[in-house]
Every structure is written in structure tokens, then in C-alpha cells.
Amino acid sequence: MKDDYVTLDDPLSQQLHQTIMRLAPSEATVLITGETGTGKEAIARTLHRQSPRHHRPFLAVNCGALTQSLAESELFGHEKGAFTGAAERHRGWFEAAEGGTLLLDEVGELSPSLQVKLLRVLQQREVIRVGSYRAIPINVRVIAATHVDLRQAIHSRLFREDLYYRLNVAPIHLQPLRQRPQDITVLAQHFLHRYTRHHGKPSQVFSQDALHDLMNYAWPGNIRELDNVINNAVLLCDDLEISSTHLLLRPPTHTDKAEKAGVFSAFIREQLQRGEPDLYQRTIEALIGEAFDLTGQNQSQAAAVLGISRNTLRTQLSHLGLIKPRNAATSGAKAAETQHRTERERELRIGYQKFGNLGILKAQRHLERQFQPLGVNVLWSEFPAGPQLLQALSQGEIDFGTTGEVPPLFAQAENNQLRYIAWEPAAPSSVALMVPHTSPIRTLSDLRGKRIAVNKGSNVHYLLLQLLDEAGLSLSDVRLIYTPPKYPLTQSDYLSAEAWMMWDPLLSHAEFDGLLRRIENGEGRVNNHQFYLSRQGFISHSSDLLPLLIDALKATGKYIDNTRQHAASALSKELAIDAGALEIALSRRSHQTQTMNRHIIREQQIIADRFYALGLLSRPISVRQAIWESEY
């Protein structure tokens, strides 16, 4: 499948085709992952052919085949006399692909030193030849491919995390052929036509037993193995019909099955020995959720992948809250009476930080007036930061609250039954690293060996990781002091730490006072979204309140953005912070509440994967499994 692209029949492949058509016209860097032989180069060529660069070169370089001594020269070029044997100036792969597309195949095999140089090329869009100091601008779209699990490689410190995120702008994962059974006969017929023409043979067909064997073979070598098997069969067969005897398929052995079962059993045994809580339920939830996500939420396809009936799948999906159960609506006088009594006695316990939409709602007492006719009592609990609020939510002390993008990930990794309800747009300038005006710290590299105060598991914790990585530092190069946010700082605060990770409104307060100065903020590094969350226990009996809450938050967001000065004045009384500082803080973000969508789920999953790769999350999580699904 090097130079042609076959229209495939399997639903997974059709979904892949739609993704390719969406990504092809863009300039985004694409990372293609999948087992060996799944057709990664063919996908890369299709992306190039369907892009505006199709009239320019497409070049593919196998990074695993580059020798350590000449790899830099091959990729970036060299000047005459740069090293022994460099008799002429040489353009590297990046320059040769100017204006077109460069496929970095098996990018996971690059050495650590080359990973650093590649990262710089992707960031600066320029190369420096070996033996030269002059930067040469490049105009190349980069597509990377690998069969290696790069997230595990990051965890094992074999692959740079910053390079992974630079490459993984638009990910494409290719499923193995055994999971795309409807593609097998299509591809087999394609290869049959190709090789009968290539070898000058008359047209051939497959016998029924040959087709049966092709469909029931596991294809450990994927499309590449199928290609080779059909090529060999055409050479061996002198008849017009290819039978099963012409197919050189390795029969499944007991050893093969035992090895596969052994790997899976070893993983389960490891989880049991570690004492992982609720392992059975989590395994079921992961299987159902991943299959549902993998098939684009197509219930029939997800059931087929799992080998269960659609009814069984629907039951599991409803238990997970991913769809509404068919019998969710109660009926009858007794049910109505019970519901009425429950509504009369209901409480809505909201956790908030004295800033943003919820802070304004509390100050204006709007929710109390809205919910009183419904027999709902609104109670408020203040929290210093997101991690503390999420802990209260997980323990059932509150029903609803808002926090940044990082605390929910830690809570989900600890199996807390939280649900994402809504979100607010990014506000990267609302988080920053601050130091005293007299501090010798001027740049990020000056942080080495310094004490940094940060609220663990918060949005600024994520920003700190980004800043350290940008400076070439790790967590072991600094001393972290985990503490809730505060400002003004006391004398003991100045003695215990030399830098502070802050967010609004404390950040604007500190800048407004002029006692601290900013080293860097989150712009270009983090999104700093805000999320509204609830717990599954509350949703199960009071989901009807959530649309009302979202409407109130949307109205409040418009009020804040349209009358920022008035909103700052209202918050100033609650926070005892100058209204001028609060107006600055409010101006740094949009307060337009939005319901969850695929884009924000994907952004949140990227952060989750990074925290797990760094060992900060106890287990990998699927953000999609924690999304509240509604018809709102």
C-alpha cells in the first residue's frame, strides 16, 4: 500500500478516512501510531496527496535506520569539511522536503540527543547544518509515525515529553487488521489484482476455503503480512483459483494463545497484588468506555468489538451514565408523590471560590430566588482552591462546584464519581510564577535549587511543570512546598519560599500592589480552563437542576463580561480586594459558560496523559467516562 490508497469497508476504517480528510488540508503536525504493518506510511502519503502541498515532495525517512554517527547530518545536512569524509555540502531530509511533507517513520527510535535537536527544529522551523552556525528557515509539514507506545516511553524516560506534545498535535491511531475484519477481503482482492498484473498472470480468484482462512487468521503482521501472503500465493498458484493450500499462514498454536493469555493474566495479577480498589468494576467501566469511544459512540459497533449483545452494552452504558436508561422516566401516582416529596426536601450544596461566576451568583443571591419556588434550598461552602473543593465533592459534602482543569484529573484517578457538567474558555494569563521584586530570580533557569510554593494538583501545578520543562529542569532540580494559595504574604512566607505559583484573583492582587513581579505566565503553555462539576450521586436524583444552573451561569457570564467594572465592585466587597485589581483579573478571561464538547474533552485528556506519564497520576484515566451526558 505504498503508492495507492484503498477504500475500505470496516466502520473503523471509514471513521479513519473521515479523520484523514479533515486533517489533510491543515498544516498541523500529525502523529500516526499503530502496530507494525498497519499502513502508517500509506496514511501519511494520503495526507500529503490531499493537502495543498501535494505538488511538492513527499519524503519518508526511517529514523530507526539512521546510524548514530551520521543521523544529525542525514536529517539536518552538513557543510563541506564538517567531519572526516564530508567532501561536499549536503542538504538533509528537512531541506530536501522544502515546501512538501516529511515523514519521520519510527520516530520513537531516535536517540535522546537527536530528540533535543528535532524539538528545536519543530519549534523554530529552521535547521542548522552540521559544521555551520547559520540557521536555514524551512517550510515543511512534519508527519511522525511509530509503533512504540510513546507515553510509556516517556514514563521510562526513553522519549522526551515535550517532543511528544510537539508531535502529537493531531493524533491518528491505526487499529490492527484483526480488529477490522471487514477490510481483510477488500485488501486481499486489491493485492490479488496488483500481483497478478505485476507477475504477468491471468486474473485469479479466491476459493471459498481461502476466503474463510483469510477471514479467520489473526494477522499478527497486519497489512504487510497480508500483502506478502497474497504475493506469495500468486507466485505459487498456477491455476485460476487460489485455494487455502496456496496461503502460507502460520497456524495458531497453543503457545501463541498461552502467551497472549499469559500477558493479560500477568497484568491482572499485578493489579490484584497492588491492591487496586474496585478493580472488577473499573475493568468493566474501562472496557465499555473505551469501546464506546473507539467506535465513535456507535452502540452496535461497540457491542461487536466487545463480543456482547447491544442490549447488554446499553445496560452497561446506562449504569455509567453515558446514555439515559430506557425506563428512566418514572410513572404512576406513587412515583409522582415520591418525586414531589424529594423535590420538597432537596438541597443544592455549592462549593465555590470567591471569584468568577459562582462568586457573583452568591453575592447577588440569584440562585436562592430561582430555586426557592422549586423547594430547593441552596447552601454555599467556600474553599481556598480546587483540590480542596474536589475532596469535599468526592466525600459528598457538596453537590456542585467549579475548579481548574487539573484537580478533576487527580479526583478521577482516585475513582471519585465526579462528572464534568460545563466549562469556561481558556485564561492562560490568569496563572503565573511570581517572585519578590528584590529576588535574584530573573529567568526560568534561575529556579534551579529554589523553593517554590504551589498548591498540589492545581492548574498552577501543571503550569509549573511546563515552565520547568521549558527551562530544561525537572522536579528534582527544585524544592516544592505544597501549600494552599494565599496573599498578602507574611514574613514567614518569604522565609519558607522564594517563588510562588499564583492565579487570579490573588495574582492580580499581588501585581496591583506592586510587591511581587511576574517571571512567566501561562500564555503559550497552558489553557487554564475552568470546569463545573457534580457528583454522580447527586445527578441520579437531581439532574433536572443542572440545566437551570447552566442557564444561570451563562447569564452571569454575560453580565460579568458586559459590565466588568460593576462585577468587580460586587466581588470587592466579598473578597476585600481592591476593585481595580479585580477588574484586571476579570478582564483576563471570558466567563461564557459552555456545555462539554469533544474539543475540550480532548484537551483535558492531553493533560491527563501527561500527568500519568510523569507518574503523578496513580492510573491512566479516560476523561470521556466522566462526562455528564444530557439532552440539554
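It should be emphasised that the depicted structure is a prediction, and the values quoted were computed from it without experimental measurement. (Residues numbered from 1 in each chain as written. Predicted model: local features only at pLDDT ≥ 70, side-chain atom pairs only at ≥ 80, totals over all residues. Heavy atoms only, no water.)

*Asks:* Which parts of the structure should I look at to understand the overall build of the protein?
*Replies:* Within the protein, the regular secondary structure consists of 27 helices and 20 strands. Across the 632 residues of the protein, 48% fall into the buried class. When the accessible area of the protein is evaluated, it comes to approximately 30,100 Å², of which 50% is carbon and sulfur surface. (Helix = DSSP H or I, 4+ residues; strand = E, 2+ residues; numbered from the N terminus. Buried < 20%, exposed > 50% of the residue type's maximum accessible area, 1.4 Å probe, protein only. Areas by Shrake-Rupley, 256 points an atom, 1.4 Å probe, with all protein chains shown as cover.)

*Asks:* What should I look at first to understand the packing of helix H8 (residues 184-198) against helix H10 (residues 222-236) in this one?
*Replies:* To describe two helices that pack against each other, one gives the angle between their axes and the distance between the axes. At a closest axis distance of 9 Å, the pairing of H8 and H10 adopts a crossing angle of 45°. Comparing the axis directions of H8 and H10 gives the class oblique. Crossing handedness for the pair H8 and H10: right-handed. In this structure, H8 contributes Ile184, Leu187, Ala188, Phe191, Leu192, Arg194, Tyr195 and Thr196 to the contact, and H10 contributes Ile223, Leu226, Asp227, Ile230, Asn231 and Val234. A breakdown of the residues in the contact of H8 with H10 according to their chemical character gives 10 nonpolar, 2 polar and 2 charged. (Axes fitted to C-alpha atoms, helices over the stretch in contact; angles between N-to-C directions. Parallel < 35°, antiparallel > 145°, perpendicular 65-115°, else oblique. Left-handed = near helix turned anticlockwise from the far one by under 90°. Contact = heavy atoms within 4.5 Å. Nonpolar A, V, L, I, M, F, W, Y, C, P; charged D, E, K, R; others polar.)

*Asks:* Sorry if this is basic, but what is going on with the nonpolar core here?
*Replies:* It is characteristic of soluble globular proteins that their nonpolar side chains tend to be buried jointly. Counting residues in hydrophobic clusters, the biggest one holds 50 residues, and the most contacted among them are Tyr420, Leu433, Leu447 and Met501. Apart from the residues within four sequence positions on either side, Leu447 is in contact with Leu433, Ile441, Ile452, Leu468, Leu473, Asp477 and Val478. Ala97, Leu110, Leu119 and Val127 belong to the second-largest nonpolar core, a separate cluster that totals 32 residues. (Core = buried A, V, L, I, M, F, W, Y, C linked by side-chain atoms within 4.5 Å.)

*Asks:* Where do I start with the pairing of strand E19 (residues 530-535) in this structure?
*Replies:* The side chains of a regular strand alternate between both faces of the sheet. Counting buried positions along E19 yields 6 of 6 residues, so the element is predominantly enclosed. By the alternation rule, side chains of E19 split into Gln530, Tyr532 and Ser534 and Phe531, Leu533 and Arg535, which are all buried. Across 5 bridges, the pairing between strand E12 (residues 400-404) and E19 is antiparallel. In the strand pairing of E19, Phe400 is matched with Ser534. With 6 bridges connecting them, strand E13 (residues 418-424) and E19 associate as antiparallel partners. Across the sheet, the residue bridging to Glu424 is Gln530, located in E19. (Pairing = 2+ DSSP bridges.)

*Asks:* Looking at this structure, how should I read the packing of aromatic side chains?
*Replies:* A ring pair, where both rings are aromatic, is described by two values, the distance of the centres and the angle of the planes. For the structure on display, the rule yields 9 aromatic pairs. Taking 5.7 Å as the distance between ring centres and 50° as the angle between the ring planes, the aromatic pair formed by Tyr462 and Phe611 counts as tilted. You can see Tyr462 sitting in helix H20 (residues 459-470) and its partner Phe611 sitting in helix H27 (residues 598-613), a full 149 residues away along the chain. Side by side, Tyr462 and Phe611 carry an identical accessibility label, which is buried. For the ring pair Tyr494 and Trp500, a centre distance of 5.6 Å and an interplane angle of 75° mean the geometry is edge-to-face. Since its relative accessible area comes to 7%, Trp500 is described here as buried. (Phe/Tyr/Trp six-rings, centres within 6.5 Å; stacked < 30°, edge-to-face > 60°.)

*Asks:* What's the story with helix H1 (residues 11-23) in this structure? I'm lost.
*Replies:* Because each turn of an α-helix spans 3.6 residues, side chains separated by three or four positions end up pointing in the same direction. Over its 13 residues, H1 extends 19 Å from the first C-alpha to the last, a length consistent with the 18 Å expected when each residue adds 1.5 Å. Along H1, the positions that sit buried rather than exposed are Leu12, Ser13, Leu16, Ile20 and Leu23. Seen from one end, H1 has its buried residues packed into an arc of 90°, which puts them on one side. Close packing links the buried residues of H1 with helix H2 (40-49), strand E6 (141-146), strand E7 (170-174) and helix H12 (279-294). (Expected span 1.5 Å × (residues − 1). Arc of directions from axis to C-beta.)

*Asks:* Could you clarify how one ought to interpret the sheet that holds strand E14 (residues 431-436) in this entry?
*Replies:* Two pairing modes exist for strands in a sheet, parallel and antiparallel, and in both the strands are linked by backbone hydrogen bonds. Across the sheet, which stays open at both edges, the 5 strands sit in the order E16-E15-E17-E14-E18 with mixed pairing between neighbours. The sheet is open, and its two edges are formed by strand E16 (479-482) and strand E18 (516-521), each paired on a single side. Along the sheet, successive strands turn relative to each other by an average axial angle of 30°, direction set aside. Of the strand pairs in this sheet, strand E15 (residues 451-454) and E16 are connected by 4 bridges, and their pairing is parallel. Considered in E16, the bridge of Arg451 is made with Arg479.

*Asks:* Where do I start with the environment of Leu516 in this structure?
*Replies:* As for its position among the elements, Leu516 is in strand E18. Leu516 sits 80 residues away from Pro436 along the chain, and the two C-alpha atoms are 4.5 Å apart.

*Asks:* For this particular structure, what's the right way to read unusual backbone geometry?
*Replies:* Residue Pro488 is bonded to the preceding Tyr487 through a cis peptide linkage, with omega at 5°. Note on placement: Pro488 falls in the loop between E16 and helix H21 (491-496). Along the chain, Asp504 connects to Pro505 via a cis peptide bond; the corresponding omega equals 10°. Phi at Trp219 is positive, roughly 50°, even though this residue is not glycine. Structurally, Trp219 is set in the loop between helix H9 (208-216) and H10. Owing to a relative accessible area of 0%, Trp219 belongs among the buried residues under this scheme.

*Asks:* Would you mind going over the confidence of the model for the protein with me for this structure?
*Replies:* Summing up the model confidence of the protein, the mean pLDDT is 84 and the portion of residues at 70 or higher is 88%. Throughout residues 326-344 the model reports pLDDT below 50, and contacts reaching past four residues in sequence, or to other chains, amount to 10 contacts. (pLDDT = per-residue confidence, 0-100.)

*Asks:* How do you make sense of the sheet that holds E6 when you look at a structure like this?
*Replies:* The strand order E2-E3-E6-E1-E7 describes an open sheet built from 5 strands, whose pairing is parallel. Two strands in the sheet have a free side with no partner beyond their single neighbour: strand E2 (58-62) and E7. In this sheet, adjacent strand axes meet at a mean angle of 20° when their direction is disregarded. Sheet topology note: the strand E1 (residues 30-34)/E7 ladder contains 5 bridges and is parallel. Its bridge partner being in E7, Val30 is matched across the sheet by Ala170. Here H2 sits on the sheet in contact with E1, E2, strand E3 (101-105), E6 and E7, set at roughly 155° to E1.

*Asks:* What is the right way to look at the pattern of salt bridges in this model?
*Replies:* For the coordinates displayed, the defined rule picks out 25 salt bridges. With a shortest N-O distance of 2.9 Å, Arg45 and Glu41 are connected by a salt bridge. Placement of the pair is Arg45 and Glu41 together in helix H2, with a separation of 4 residues, close to one helical turn. Linked through salt bridges whose partners overlap, the residues forming this network are Glu79, Arg89, Glu95 and Arg129. (Salt bridge = Lys/Arg side-chain N within 4 Å of Asp/Glu carboxyl O.)

*Asks:* What am I meant to see in H8 here?
*Replies:* Helix length check: H8, at 15 residues, gives a terminal C-alpha distance of 21 Å against a target of 21 Å (1.5 Å per residue), a fit within 8%. Taken together, the buried positions of H8 are occupied by Ile184, Val186, Leu187, Ala188, His190, Phe191, Leu192, Tyr195 and Thr196. Gly200 sits one or two positions beyond H8 and adopts a positive phi of about 65°.

*Asks:* Would you mind going over the side chain of Glu405 with me for this structure?
*Replies:* Summarising the element assignment, Glu405 is placed in the loop between E12 and helix H19 (407-413). Arg589 provides the closest opposite charge to the buried, unpaired Glu405, separated from it by 8.1 Å. Only 3.0 Å separates the side chain of Glu405 from the backbone nitrogen of Asn528, close enough to count as a polar contact. (Lys, Arg positive; Asp, Glu negative; His and termini not counted. Polar contact = N/O pair within 3.5 Å; in protein donor to acceptor, adjacent residues only side chain to side chain.)

*Asks:* Whenever I open this one, the packing of H1 against H2 confuses me. Can you help?
*Replies:* Between H1 and H2, the least distance of the axes is 9 Å, while the angle of their chain directions is 40°. Put simply, H1 runs oblique to H2. Once H1 is placed against H2, the crossing between them reads as right-handed. Only Ile43, Thr46 and Leu47 of H2 make contact with H1, whose side of the interface consists of Leu16, Ile20, Met21 and Leu23. Tallied by class, residues from the contact of H1 with H2 come to 6 nonpolar, 1 polar and no charged.

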